[in-house]
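Notes for the structure review
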Amino acid sequence: MTHGNFSESGLRNLRGVLARHVESGEIPGLVALYSRGGETHVEALGTMKHGGGRPMSRDTIFRMASTSKPLSMAAAMVLVDECRLRMDDLVDQWLPELADRQVLKRIDGPLDDTVPARRPITVRDVLTSTFGLGMDMTAIGAPIMNAIFENGLTPDLPTPMPEPDEWIRRLGTLPLMHQPGERWQYHISNDLVGVLVARVTGRPFEEFLRERIFEPLGMKDTGFHVPEDKIDRLPDLYAPDPQTGEFHVWDEAEGGRWSASPAFPGGGGGLVSTVDDYHAYFRMLLNGGVHGGERILSRPAVELMTTNRLTPEQNAARNALATNNVHLSFGQGQHGGWGLGMAVRTYRGDYAPIGQFGWDGGSGTSTYADPDKGVTGLLLTQVGMSVGNSARLIHDFWTSLYQAVED
């Protein structure tokens, strides 16, 4: 039996695969949405808490973690569309803290063993994650990574990140790891995008995102915190113990990190959202920037975001990172290319086609769409990737979803 989008047997199999992960006890609950053409399916399985309680529902709000990256990038692209930002503008005029950079001679060297940057940082460097600083998991323990953690420049630390002006002041005290534009590096650029957008617009990052992206798309449950009247829709976030597998609450809903407006609205990992809100965003990208007859982004802006922006050399380093750090990422991140704020598949490494774009989050989230098959898929859980459980569920979700696609 088929409707031309998904096969009945494929959908049945997919539901069974999702249910198996929940019944194993390793994933308390999940919400999955998958669509193709005009056909959308939603599965809400399991419970909000580990060990039972209220069931998951379609409007459950999740911490999106790094799946914030593809969405927050849209704010910058609005500014590029409006010629308020140019790809090759120097960022100095808005981010004077990042003028006149020094660059480490070697990534694991002392912070004062540097050479001057060969050129200033451009908007393009920031949007493509190549401005010279990032979360380098191969350099853990190096002085520069220690300094990044000690300065509170990344999320997930016991202390929250400082407000944007103080954050970028601290960032400006550090040397770069690599020359501007030289190497792709993870995460810090995506938080920097939010600071850049706020400086260019003279408005808080969240306010601009809300006006230009969330509201036009009807994303009523998306933001950098969960208001009190919705907090019962946010599950606790778990980080199971890697040794014992015991479920520890990493962030409680009530009184937790997302229960109040943060000092730093993190474009790299700070958003909360629902499957329907994120579906609206990814369908808009698949539609070349249009939602319900209204243009949100230009087609060329979407094309820039969703196609590979890295050189073969940069991609080779990124591929090596993904394939050699499988024990850290549980095999996530093996896509090849990177666009703006998201991965773009440049080789066929699994069941998803070349051209698929999106990203995964350390809180157990996965959000992708692909122009080839016209498939959008979102899988949201409340199990962080301190263990591989949610990563394996995500892999099985995509493996099963693409088998259900009828041509």
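Quick note: structure is the one above.
Residues numbered from 1 in each chain as written. Predicted model: local features only at pLDDT ≥ 70, side-chain atom pairs only at ≥ 80, totals over all residues. Heavy atoms only, no water.

**With respect to the environment of P175**
Inspection of the secondary structure assignment puts P175 in the loop between α5 (164–171) and α6 (188–201). Considered as a pair, P175 and V103 are 72 residues apart in the sequence and their alpha carbons are 5.2 Å apart. Among all residues touching P175, those that are not within four sequence positions of it are Q102, L104, L111, T114, L133 and I144. (Helix = DSSP H or I, 4+ residues; strand = E, 2+ residues; numbered from the N terminus. Contact = heavy atoms within 4.5 Å.)

**Let's talk about the layout of surface pockets**
What the largest pocket holds in volume is close to 1700 Å³. Contributing to the lining of the largest pocket are 49 residues, with S66, M137, D156, Y186 and G362 lying nearest its centre. The set of elements that each furnish at least two residues to the lining of the largest pocket consists of β7 (237–238), α10 (312–324), α11 (326–329) and β14 (357–361). The class makeup of the residues in the lining of the largest pocket is 27 nonpolar, 17 polar and five charged. Taken as a whole, the second largest pocket spans an internal volume of roughly 240 Å³. Every residue lining the second largest pocket is counted, 19 residues in all, and those nearest its centre are G331, Q332, R345, D350 and H395. Secondary-structure elements contributing two or more residues to the lining of the second largest pocket are β15 (365–370) and α12 (389–403). Of all the elements, α12 adds the most residues to the lining of the second largest pocket, at four residues. (1 Å grid on protein atoms, 1.4 Å probe; cavity = no way out; pocket = protein on both sides within 12 Å on 5 of 7 lines; lining within 4 Å. Points joined across faces, edges and corners; volume = space filled by probe spheres on them. Nonpolar A, V, L, I, M, F, W, Y, C, P; charged D, E, K, R; others polar.)

**Some remarks on a nonpolar patch on the surface**
On the surface, a nonpolar cluster with roughly 280 Å² of combined accessible area is contributed by M137, I140 and L328. Tracing the backbone through its elements, the reader meets I140 in the loop between α3 (123–127) and α4 (143–150). (Patch = residues over 30% accessible without salt bridge, like charges linked within 9 Å, V, L, I, M, F, W, Y side chains within 5 Å. Areas by Shrake-Rupley, 256 points an atom, 1.4 Å probe, with all protein chains shown as cover. Salt bridge = Lys/Arg side-chain N within 4 Å of Asp/Glu carboxyl O.)

**Brief notes about helix α8 (residues 275–286)**
An α-helix turns once every 3.6 residues. As a result, residues three or four positions apart point the same way. When the terminal C-alpha atoms of α8 are compared, their 16 Å separation across 12 residues agrees well with the 16 Å that a helix rising 1.5 Å per residue should span. Most of α8 is tucked away: 10 of the 12 residues are buried. Turning to α8, its buried residues number three or more, namely V275, D277, Y278, H279, A280, Y281, F282, R283, M284 and L285. Once α8 finishes, G288 follows within two positions and takes phi at roughly 70 degrees, a positive value. (Expected span 1.5 Å × (residues − 1). Buried < 20%, exposed > 50% of the residue type's maximum accessible area, 1.4 Å probe, protein only.)

**Digging into the packing of helix α2 (residues 68–81) against α8**
For the pair α2 and α8, interaxial distance at closest approach is 11 Å and the crossing angle is 60 degrees. Compared by their axis directions, α2 and α8 come out oblique. α2 and α8 meet at a crossing whose hand is left-handed. Between α2, through S68, P70, L71 and A74, and α8, the contact on the second element is made entirely by Y278, Y281 and F282. Taken together, the residues of the contact of α2 with α8 sort by class into six nonpolar, one polar and no charged. (Axes fitted to C-alpha atoms, helices over the stretch in contact; angles between N-to-C directions. Parallel < 35°, antiparallel > 145°, perpendicular 65-115°, else oblique. Left-handed = near helix turned anticlockwise from the far one by under 90°.)

**So, the pairing of strand β2 (residues 39–49)**
Summarising the sheet, strand β1 (residues 29–36) and β2 pair through eight bridges and their orientation is antiparallel. Note that in β2 the partner of G29 across the bridge is G46. A loop of two residues connects β1 with β2, the two strands running antiparallel in sequence, and G37 in this loop sits at a positive phi of about 60 degrees. Here β2 runs beside strand β3 (residues 52–55); their pairing, made up of two bridges, is antiparallel. Bridged to T47 within β3 is P55. Linking two consecutive strands that pair antiparallel, namely β2 and β3, is a turn of two residues; a positive phi of about 95 degrees is found at G51 within it. (Pairing = 2+ DSSP bridges.)

**Side note on a negative patch on the surface**
On the surface, a cluster of negative charge is contributed by E228, D229, D232, E252 and E254. For E254, the location among the structural elements is in the loop between β8 (249–251) and β9 (272–273). (Lys, Arg positive; Asp, Glu negative; His and termini not counted. Charge placed at Lys NZ, Arg CZ, Asp CG, Glu CD.)

**Let's talk about the packing of aromatic side chains**
By the definition in use, this model includes 15 aromatic pairs. Centroid distance F282 to F357: 6.3 Å. Interplanar angle 15 degrees. Geometry classified as stacked. Placement of F282 in helix α8 and of F357 in strand β14 is noted, with a sequence separation of 75 residues between them. For F282, a relative accessible area of 0% puts it in the buried group. With a relative accessible area of 2%, F357 lands in the buried category. Relative to W398, the ring of F397 has its centre 4.9 Å away and its plane inclined at 70 degrees; by these criteria the two rings are edge-to-face. Through a chain of ring-to-ring contacts, three or more aromatic side chains come together here, namely F6, Y34, Y368, F397, W398 and Y402. Positioned above the aromatic ring of W184 is the side chain of R318, whose terminal nitrogen or guanidinium carbon lies 4.6 Å from the ring centre. (Phe/Tyr/Trp six-rings, centres within 6.5 Å; stacked < 30°, edge-to-face > 60°. Lys NZ or Arg CZ within 6 Å of the ring centre and 35° of its normal.)

**A few points about the environment of G218**
Along the chain, G218 falls in the loop between α7 (205–217) and β7. Each C-alpha atom, one on G218 and one on P28, is 29 Å from the other, the two residues being 190 residues apart in sequence.

**A short note on unusual backbone geometry**
For D100, which is not glycine, the phi dihedral falls at a positive 50 degrees. A positive phi angle is found at S129, which is not glycine, with a value near 65 degrees. By secondary structure assignment, the location of S129 is in the loop between α3 and α4. Judged by relative accessible area, which is 2%, S129 ranks as buried.

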